[in-house]
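Descriptive structure summary
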Amino acid sequence: MKMRFQGAQAKGRQKEVAKQIPSINAYTRITTLFTIVIAVALSPFLWSFPELPTLELHPLRTPAMANLIIFTVALLHVLFTNEIHIRHKTNGGAVFALLFLFLLSCIASCIGSISIWESILELVNTLSFAVVFIAVSSFEAPFAFSLPLVTSLAGYVESLLALREYAFSHTAGLKEWRAFGTFQNPNLLGGYLAMCLPVMLSVTMHLRQRLLKLVGVLVSVICIIAIAVTGSKGAFMALLISLLLFSLLLLARLQRRRYDVLFLLCCLMLLVFATIAIPTLRQRIISAFGAQLHSWLFRIFVWKATLNIAIANPINGSGIGTFYLAYPKFTTVGPTYTAHNSFLQIASECGFLSLAIFIIFIVFWMRHSIKLMWQRAQAESTLIIGSICGVVSFLIHNIVDCTWYVPATRLTFALLLGFTMAMCNGGEPGSRPYQTDVDGFTPWLRGSRMKAILKGFAILALLLCSFISFTHVVATYHALSGRRAENAFFAIEAFERAISWEPLNARHRIALANALLSLSEPNEHKRALKEALIATRLQPTRAANYHTLARAYLALGEHSKAIRAYNEALNVNPHDTLGMCELARLYERLGDKEKALRLYERVIGLMRSPYGQYTAIDAPTDVNALTASVRMASLKLQKNLSERELSKLAEDLKLAIALGESYLGFFHPEMGEAVVATRTKVESELAYAYAYYALVKERLGDFDEAERARKRALELAPVIEHEGFTEGDEEHEEK
């Protein structure tokens, strides 16, 4: 009897524990979901910059830090809960299946990638998008209502920051200043706000109290004005189309609420009024057909090059995250790190199949959301319509820009996709959560053994992604310390630590090689050569890697190998003006002045080609043309030139002078110490360009122009002797 009583007690305790498990799982699940949502809401203020090679981001502001938080929270959720609830219906299951296929195509693009580590990092970014989408899709309807509100608050705060920045700039006399906010450039800020505004409008219509509605209207108006002061034509176009779609869907779904449609039309009128009244956007719209027409032409050339990359690699692409490494060989215009069209960039990096899967994923999501939207209550349908239009705004803006590659906009996009899935899937009467360990879009996954396999796979994938994100954050910290080190020895130590965390990152190895080359010891030069060789194998299409390799060969006295390295740089990037100038200087040192002269002329010729004429608006001037013109003048003036040749040389020098003056106009002191050092060098080169220009004009008999050029040369560099310039020329040649 005692044994039976103890057995009954044990069974009772097991039942009590079994009753407590769902509540524990539910608590953990809610905590996980809201942690991810908070991370997405903070992303505009912390992770609003893409991870570009030219940006020295703080480790906590890198996309890897956002990924680390998302993957860690998701990993803890999978480890400490039994199930993830995702609502499932036939069409919804197809959406998750297509997302899974898209991820598989991204993974496949890593095979044969031109830079494996860049592909791994971008693949992790894409996986974080998928995790946020799946997590938000599992929200219960009562909790899902908070998602549009969180998005609206984040957009409102970002709008206030943009207007504050614009007000200060306008007060300082910068009438045409474009607001950046916390983003890298105004176009990215405009794209983010254009995605948030439809959500703000839907929240405003969803509110019942008049006072709260009035607050919502004010918030929406502030956001519209903030979009206007960004001056982003792409964001303006995306917002206009999304608001028109909002009006049509609202009119079709909520036939009795005409006032809401009238409110939207008023917002459209306000947007048009802001276009006319605010100088920033007005000038941008007008100049789109005049002064800034080259911006659109530049994008067209970039799209053509991107399409050529995709055609050259139709199946797997060049590798996810490697666009900027493949682009130089296919382009005819200036450099860029993004394709200004996310869809074409996906095709170039991952292949046409991956792009097709992504588009079908969006189409199925849209069809599923709109179809089930009609079965929700009218108030809830308004929120769904707002999220749908926010997604449409994001997609349209990515036709002319690349906000897909910015963590803040991509994660917000995932949140809106997941919100509509959660709301729509909860709309059908009698629908229930479909429970599985990972996704739940196929009924045959219900077996316990398959659940265990999928849970193990999810844990392994999340653990691996968390580890990659963590190592990248730590390596970025050490690399940043190395770039800011006071001497070469501290820099070498920091870069070695970065390499220990990220051995496949070619940039850390190139940075270490450059630091080693700054020393005078031959053994360190051999180490630099070894690191540069490894970097060229890890990243074989980046011209700068071959520059460092050539410098290492030169430090060891191997000139023929250095020439081969420079030629390889020109092979992977035919517009590598820095490599041309360095190779020409090497030919000068070896006494082959004719080859050097041809390279200098090639650099000047590029400035007259589409490469020099069509560049990104915010791209700095290519000052290598200035260096090339000065050296070319130095070589040519040693010969007896005809009047025609002198006139041609004067034109080349005038072009280089214009580029140098353009660079000085683009510069401002807040750009950092490295840019200040570059400015000093540019001023020196520009002074010599003016001095040579004066000599050429004297030979042509234009003494007034020669005198003006001499005065400008003395303003830039008073050490130049304008009388008897031969001595100054010899000194410059020695430098």
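Residues numbered from 1 in each chain as written. Predicted model: local features only at pLDDT ≥ 70, side-chain atom pairs only at ≥ 80, totals over all residues. Heavy atoms only, no water.

With respect to the environment of Leu-245
The line we're drawing: To qualify as a helix, a DSSP run of H or I must reach at least 4 residues; to qualify as a strand, a run of E must reach at least 2; elements of each kind are numbered from the N terminus. Here's how the labels work: a residue is buried when its accessible area is under 20% of the maximum for its type, exposed when over 50%, partly exposed in between, all with a 1.4 Å probe on protein chains only. Residues are treated as being in contact if the distance between any of their heavy atoms lies within 4.5 Å.
Here Leu-245 lies in helix H9 (residues 233-253). By relative accessible area, Leu-245 is classed as partly exposed at 26%. Separated by 143 residues in sequence, Leu-245 and Ile-388 place their C-alpha atoms 9.3 Å apart. When neighbours within four sequence positions are excluded, Leu-245 is seen to be in contact with Cys-389 and Val-392.

As for a nonpolar patch on the surface
How we decide: Patch rule: a residue counts if its relative accessible area is over 30% and it has no salt bridge; like charges are joined within 9 Å, and nonpolar side chains (Val, Leu, Ile, Met, Phe, Trp, Tyr) within 5 Å. Per-residue accessibility takes into account occlusion by the displayed protein chains alone, with areas from the Shrake-Rupley method and a 1.4 Å probe. Salt bridge, as applied in this entry: a Lys or Arg side-chain nitrogen positioned within 4 Å of an Asp or Glu carboxyl oxygen.
A surface patch of nonpolar side chains, amounting to about 330 Å² of accessible area, comprises Phe-100, Leu-101, Leu-104 and Ile-107. Tracing the sequence through the fold places Leu-101 in helix H3 (residues 90-109). Judged by relative accessible area, which is 41%, Leu-101 ranks as partly exposed.

Topic: the packing of aromatic side chains
To keep it simple, the criterion reads: Two aromatic rings from Phe, Tyr or Trp, using only the six-membered ring of Trp, form a pair when their centres are within 6.5 Å; if the ring planes differ by under 30 degrees the pair is stacked, by over 60 it is edge-to-face, and anything between is tilted.
Tallied over the entire structure, the rule returns 14 aromatic pairs. Aromatic side chains Phe-96 and Phe-133 sit 5.5 Å apart centroid to centroid with 40° between the ring planes, which places their arrangement in the tilted category. Linking Phe-96 in helix H3 with Phe-133 in helix H4 (residues 116-137), this pair joins segments that are 37 residues apart in sequence. Residue classification places Phe-133 among the buried positions, given a relative accessible area of 0%. With 5.9 Å between their ring centres and 10° between their planes, Phe-129 and Phe-413 make a pair best called stacked.

Looking at the packing of helix H2 (residues 63-80) against H4
Note the following rule: Each axis is a line fitted through C-alpha atoms, and for a helix only the stretch in contact is used; angles between axes span 0 to 180 degrees, taken between their N-to-C directions. An angle counts as roughly parallel when it lies under 35 degrees, as roughly antiparallel when it exceeds 145, as roughly perpendicular when it falls between 65 and 115, and as oblique in every other case. The sense of a crossing depends on the near helix, which, turned anticlockwise from the far helix by less than a right angle, makes the crossing left-handed and, turned clockwise, makes it right-handed. Ten residue types, Ala, Val, Leu, Ile, Met, Phe, Trp, Tyr, Cys and Pro, are classed as nonpolar, four, Asp, Glu, Lys and Arg, as charged, and the remainder, Gly among them, as polar.
Look at H2 against H4: their axes get within 10 Å of each other, and the N-to-C directions meet at 45°. Taken as axis vectors, H2 and H4 run oblique relative to one another. Our pair here, H2 against H4, has a crossing hand that is left-handed. Note on element contacts: H4 touches H2 through Val-124, Asn-125, Leu-127, Ser-128, Val-131 and Val-132, opposite Pro-63, Asn-67, Ile-70, Phe-71 and Ala-74. Here the contact of H2 with H4 is composed, by residue class, of eight nonpolar, three polar and no charged.

Section: unusual backbone geometry
In the Ramachandran plot, His-340 falls in the positive-phi region, its phi being about 60° despite a non-glycine side chain. His-340 sits in the buried class, given a relative accessible area of 13%.

Quick notes on the pattern of salt bridges
The final tally for this structure, using the stated rule, is 19 salt bridges. One salt bridge connects Asp-652 with Lys-648, and the closest N-O pair in it is separated by 3.1 Å. Residue Asp-652 and its partner Lys-648 are located together in helix H28 (residues 643-666), separated by four residues, close to a single helical turn. Since its relative accessible area comes to 2%, Asp-652 is described here as buried. The residue Glu-705 makes a salt bridge to Arg-708 at a minimum N-O spacing of 2.6 Å. Of the two residues, Glu-705 and Arg-708 are both situated in helix H30 (residues 703-716); the distance of three residues between them amounts to about one turn of the helix. Glu-705 sits in the partly exposed class, given a relative accessible area of 23%.

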